[in-house]
Amino acid sequence: MQHPPYPTHPQRAQRPHPAQQLDYAAVRAAAARIAGGVRPVTVAPAADGVWYALEYLQHTGTFKARGARNFLAAHHEADALPAAGVTIASGGNAGLACAWAARALSVPATVFLPANAPRVKVERLRGYGADVRLVGDRYAEALAACREFAAESGALSSHAYDHPLIAAGAGTLLDEIRDRLPGLDTVILAVGGGGLFAGVATAAREHGVRVVAVEPENCRALNAALEAGRPVDVSVDSVAADSLGATRVSADALAAAQEKNVTSVLVPDEAITAARRAVWEEHRIVVEAGAATALAALREAAEPMGERVAVVLCGANTDPRDLTEPTA
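The rules we used
Residues numbered from 1 in each chain as written. Predicted model: local features only at pLDDT ≥ 70, side-chain atom pairs only at ≥ 80, totals over all residues. Heavy atoms only, no water. Pairing = 2+ DSSP bridges. Helix = DSSP H or I, 4+ residues; strand = E, 2+ residues; numbered from the N terminus. Axes fitted to C-alpha atoms, helices over the stretch in contact; angles between N-to-C directions. Contact = heavy atoms within 4.5 Å. Core = buried A, V, L, I, M, F, W, Y, C linked by side-chain atoms within 4.5 Å. Buried < 20%, exposed > 50% of the residue type's maximum accessible area, 1.4 Å probe, protein only. Expected span 1.5 Å × (residues − 1). Parallel < 35°, antiparallel > 145°, perpendicular 65-115°, else oblique. Left-handed = near helix turned anticlockwise from the far one by under 90°. Nonpolar A, V, L, I, M, F, W, Y, C, P; charged D, E, K, R; others polar. 1 Å grid on protein atoms, 1.4 Å probe; cavity = no way out; pocket = protein on both sides within 12 Å on 5 of 7 lines; lining within 4 Å. Points joined across faces, edges and corners; volume = space filled by probe spheres on them.

1. Description of the sheet that holds strand β1 (residues 43–47)
Reasoning step 1: Overall, mixed pairing links the six strands, which are arranged β1-β2-β10-β7-β8-β9 in an open sheet. Lying at the two open borders of the sheet, with one neighbouring strand each, are β1 and β9 (262–267). Neighbour to neighbour, the strand axes of the sheet diverge by 25 degrees on average, direction disregarded.
Reasoning step 2: Looking at chain direction, β1 and strand β2 (residues 50–53) are connected through four bridges and run antiparallel. Bridge pairing links A47 to V50 in β2.
Reasoning step 3: With respect to the sheet, helix α6 (residues 164–180) is in contact with β1, β2, β7 (186–190) and β10 (309–312), its orientation differing from that of β10 by roughly 135 degrees.

Next comes the structure, spelled out in structure tokens:
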């Protein structure tokens, strides 16, 4: 699927742009581009027929380091990185990844977040040297401010999830899981705006792997898009909203979800909270609610989801104190 170029400053309009298409070739190109720059995923046994893909061990604490590294490296290769650097609007995790990848290339990063973003993410962003700007209380407001800044400054505009290079980078995770888990038939992952899902589903389709796309009941941008047949705006109200709270899913994610190897699942907040606590109590793994959303679907399922299943634990940028404190 072709996408229009990202917004650019008029003075930089003649610079070449990297390819703007999401397919398996783009995922393979991303794998070559980021090799040695990201941490290969660890896959650990969790239960009979179930493994955890420990992507929360990735640089910056989430899978988003893959897409950010691919996005900036591709623009660097194309000589399309402006002096003003890169800018992004993010609930936190994508901004962390962007700032980390920018620092690796000595590129300035300006990150826009909602004012209610978790403090742990804001502090880490500043630690990566990013210029952090807090705007409004919803992602859409931070995004509008980011676009205005890009237009005025000439900074390269990245996106938290809706760009083929971002999704292709995230999609490199699937082949790594398959390398470590031969015979993989099902991968379960959480969906926010759809970057991870679109990339992983693109690679999974190449290998005949089923994808279970999991969302909170009240953060259901992908599920609603499937019902409507097009991306639509949804309300956001969930314990996982800080990482899965996109109001609209990407067109690439919807296209991937319409393939036969994909199942869309919704889970209640209570199941997400219970899954997050269970993975702590059973394995001493701390993940954010967005990552626990994928596990919640497995725990809630009435029947096995597959014979060799990988659950992607995609992020751990969270305050663990509510896990270590005694429950009432």
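Picking up after the structure, the text goes on.
2. Observations concerning the nonpolar core
Reasoning step 1: By size, the foremost hydrophobic cluster in this structure holds 75 residues, and its most contacted members are I177, F197, V311 and L313.
Reasoning step 2: Leaving out residues up to four positions away in the same chain, V311 has contacts with V50, W51, Y52, A53, I188, A294, L295 and L298.

3. So, helix α7 (residues 195–207)
Reasoning step 1: Over its 13 residues, α7 runs 19 Å from end to end, which matches the ideal 18 Å to within 8%, given 1.5 Å per residue.
Reasoning step 2: Extensive coverage of α7 is indicated by the burial of 10 of its 13 residues.
Reasoning step 3: Inspection of α7 places G195, L196, F197, A198, G199, V200, A201, T202, A203 and A204 among the buried residues, and these make up the whole buried set.

4. Side note on the packing of helix α2 (residues 64–77) against helix α3 (residues 93–104)
Reasoning step 1: Viewed as axis vectors pointing N to C, α2 and α3 meet at an angle of 45 degrees, and their least axial separation amounts to 8 Å. With respect to their mutual orientation, α2 and α3 come out oblique. The handedness of the crossing between α2 and α3 comes out as right-handed. Each of K64, A65, A68, R69 and L72 in α2 lies in contact with α3, whose residues at this interface are N93, A94, A97, C98, W100, A101, A102 and A104.
Reasoning step 2: Looking at the contact of α2 with α3, its residues break down into 10 nonpolar, one polar and two charged.

5. Comments concerning the layout of surface pockets
Reasoning step 1: Considering only enclosed or pocket space, the largest pocket measures out at about 600 Å³ in volume.
Reasoning step 2: What lines the largest pocket is a set of 37 residues, among which A241, D242, S243, L244 and G245 lie closest to the centre.
Reasoning step 3: Only α3, α7, α9 (241–244) and α12 (289–300) provide two or more residues apiece to the lining of the largest pocket.
Reasoning step 4: For the lining of the largest pocket, the element with the most residues is α9, which contributes four residues.
Reasoning step 5: Classifying every residue of the lining of the largest pocket by side-chain character gives 18 nonpolar, 13 polar and six charged.

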